[in-house]
Amino acid sequence: MEAGERLGRLRRQAAEYYQGHRVPERMEEALNTLFPLCPGDLYGELANYFSKFSKAPVICKLVGRKVFDGVGEPTLEVEIFCTVKNYEKRICSIVIASHSQIPGTIETIEADEKERNDSVHTAVEWVNESLNTMLRGLESTDQSQADKMLGEYFANKVEEKKEIQKREEEEAAARVSPAPSSCPPTPIPKHKKGGKSVDQNAIPPAEPPEPVLCGSLAIGGTSLAIAKAGATISCVSLYLYIALLKHNQELPKEMTLPLPMVTLLHCEKNLPAKLKLVKEVMLIPPVELSLKQGIERIQDIQKEITRLLESSGKMPCPQADSKKGKAQSSGKKALQPLKRISHLGCLTTGYDNLEQLLHLMQTACKNIGLELGTDMYLAINCAAHELMDYDKGKYEILTGTFKSPNEMVAMYTEMINDFPFIIALIDPLRKEDREQWSSICCALGSKCYLIAEDAATHISKLKTDQNINTAMCSGVVLKYINQTKVSDLIELTGILDGQRHITILGSPDGESLDESLVDLAVGLGASFLKLGGLCRGERVAKYNRLLAIEEELAANGTLR
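Residues numbered from 1 in each chain as written. Predicted model: local features only at pLDDT ≥ 70, side-chain atom pairs only at ≥ 80, totals over all residues. Heavy atoms only, no water.

## A word on the sheet that holds strand β11 (residues 388-389)
The strand order across the open sheet formed by 3 strands is β11-β12-β13, and the pairing between neighbours is antiparallel. Strands with a single pairing partner mark the edges of an open sheet, and in this sheet they are β11 and β13 (401-403). Across 3 bridges, strand β12 (residues 394-398) lies against β13 in antiparallel orientation. Counterpart to Glu-396 in the pairing with β13 is Phe-402. Contacts from helix α10 (residues 405-418) reach β12 and β13, with the element oriented near 100° to β13. (Pairing = 2+ DSSP bridges. Helix = DSSP H or I, 4+ residues; strand = E, 2+ residues; numbered from the N terminus. Contact = heavy atoms within 4.5 Å. Axes fitted to C-alpha atoms, helices over the stretch in contact; angles between N-to-C directions.)

## With respect to unusual backbone geometry
Outside of glycine, negative phi angles account for most residues, and trans bonds account for most peptide bonds. The backbone of Lys-85 sits at a positive phi, close to 55°, despite the residue not being glycine. For Lys-85, the location among the structural elements is in the loop between β2 (74-84) and β3 (87-96). Looking at Lys-85, the relative accessible area reads 46%, which means it is partly exposed. Of note, Arg-500 is a non-glycine position whose phi angle comes to about 60°, a positive value. Mapped onto the elements of the fold, Arg-500 is located in the loop between α13 (486-498) and β17 (502-506). (Buried < 20%, exposed > 50% of the residue type's maximum accessible area, 1.4 Å probe, protein only.)

## Let's talk about the pattern of salt bridges
Under the counting rule described, the total for this entry stands at 24 salt bridges. Of the charged contacts in the structure, one is a salt bridge between Glu-88 and Lys-61, with a shortest N-O distance of 3.5 Å. You can see Glu-88 sitting in strand β3 and its partner Lys-61 sitting in strand β1 (residues 58-68), a full 27 residues away along the chain. The class for Glu-88 is exposed, based on a relative accessible area of 52%. (Salt bridge = Lys/Arg side-chain N within 4 Å of Asp/Glu carboxyl O.)

## Digging into the sheet that holds β1
Strand order in the open sheet made by the 3 strands is β1-β2-β3, with antiparallel pairing throughout. Across the chains shown, the open sheet's two edge strands, defined by having one partner strand only, are β1 and β3. Direction aside, the axes of adjacent strands within the sheet are offset by 20° on average. For β1 and β2, the ladder comprises 10 bridges, and the chain directions are antiparallel. Residue Lys-61 lies in a different strand from β2, and its bridge partner there is Phe-81. Relative to β3, helix α6 (residues 217-233) is tilted by about 130°, and along the sheet it contacts β1, β2 and β3.

Next comes the structure, spelled out in structure tokens:
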């Protein structure tokens, strides 16, 4: 009797529960809707029908782990699990690229490796412990709230670090307390030459590098993983999801693919060759070509360059006139032997002067029926911050040849006039040479893009101080590294769009097979995408992703 009463009570409670959630009503609606269709999989259709009434998926677990990037260095993977229809389900994972200068010097390799390992270890701890707890229960599609929480967490970590450093400095000062001295400090005389004072600060000193908090990879990795999870839950591609976030959930009617800057040659500055001015030579296909056509054309040029380098070891170029005061010497010069495939996914070699390099490019294009400036364009990464000799206060552009910042501006002006097929210069000057950045923009701003990569300031400062170097260049290369969040890139690209600066998304030195950077570039509406060359799997994967997006947009009729 008691069992029967208990069963009746449970049935009444169940009926009230189902009626309260409108289950009978919705079941009747579903059956009436589906009956005329007579679906082959009735229960599948019922599951689809009722899924729209289920609760939004929420994050239930984050997993951070140490993995290795494309050059074998440790970095961070973030994996996201969500509660979907009452079940824990793995949604996605991302691997965030690590940023480092490769290769390092012998003196710094051990210190760099320890710092990198410590940072990855700390990032894994943050993800598996603090962030896992903090973000549990958050809807995976709430990117704004996720990034806000991540930003506050990182800010707290920065303050903690400052407090620790302050305590350590106070303890060190207490241990070493110098005895008071009644003698005034001896003034340090200025160096003199020829009886006159020599100004030791003829050029602005190098600004200290932006501090990177140990573990900051966790912030960028988690933010990007949540964005990818949101796209997966929403059943849209990541680039469309990013575009929706940027445009307040209104999808643009048309989307434009960024033009690829494909690195063809990597000129290492520590090679015996004399030329120091060029770090990367990049090819940019003309806009009238499809991406597929542009990549195929670049591959043809790459094959011909390789053939020229390996066949005779000499550059088949016409004799060029030498001008007094030019940075480059002229004439035929023996090429340095072909070295290897760079970590950037391209050929590594060296040259004795700029004209030698550029005439090689012209010859390779001519041999296959192409013309630079019409069928293909060049961009050059000068990496000027690596050229400065601070003892001399000048840039070393060739071995033993130095130029002041003002002379650099004149040299670049002459270079672009002589070789108009160069349409972009990346980091032609240090970021500290602001006066010369202004001068070069006045001289060349209408002829080529003047882009800041290392010469640009950190993303966080670009957001707070929008005039740092952006007012005096055509655009900046943005890299998704460390504590950068998806919302940061959305905000910053909006700022750059408003200032009529172009946005280039760039791949760091230490890349992985993760393709999310390409989706970010397309979704954010970047003008260019700087991914490196076409000879390493982690870089080719990104070009393949870009080709797939082109195909998808073309099929949907939304490719502009």
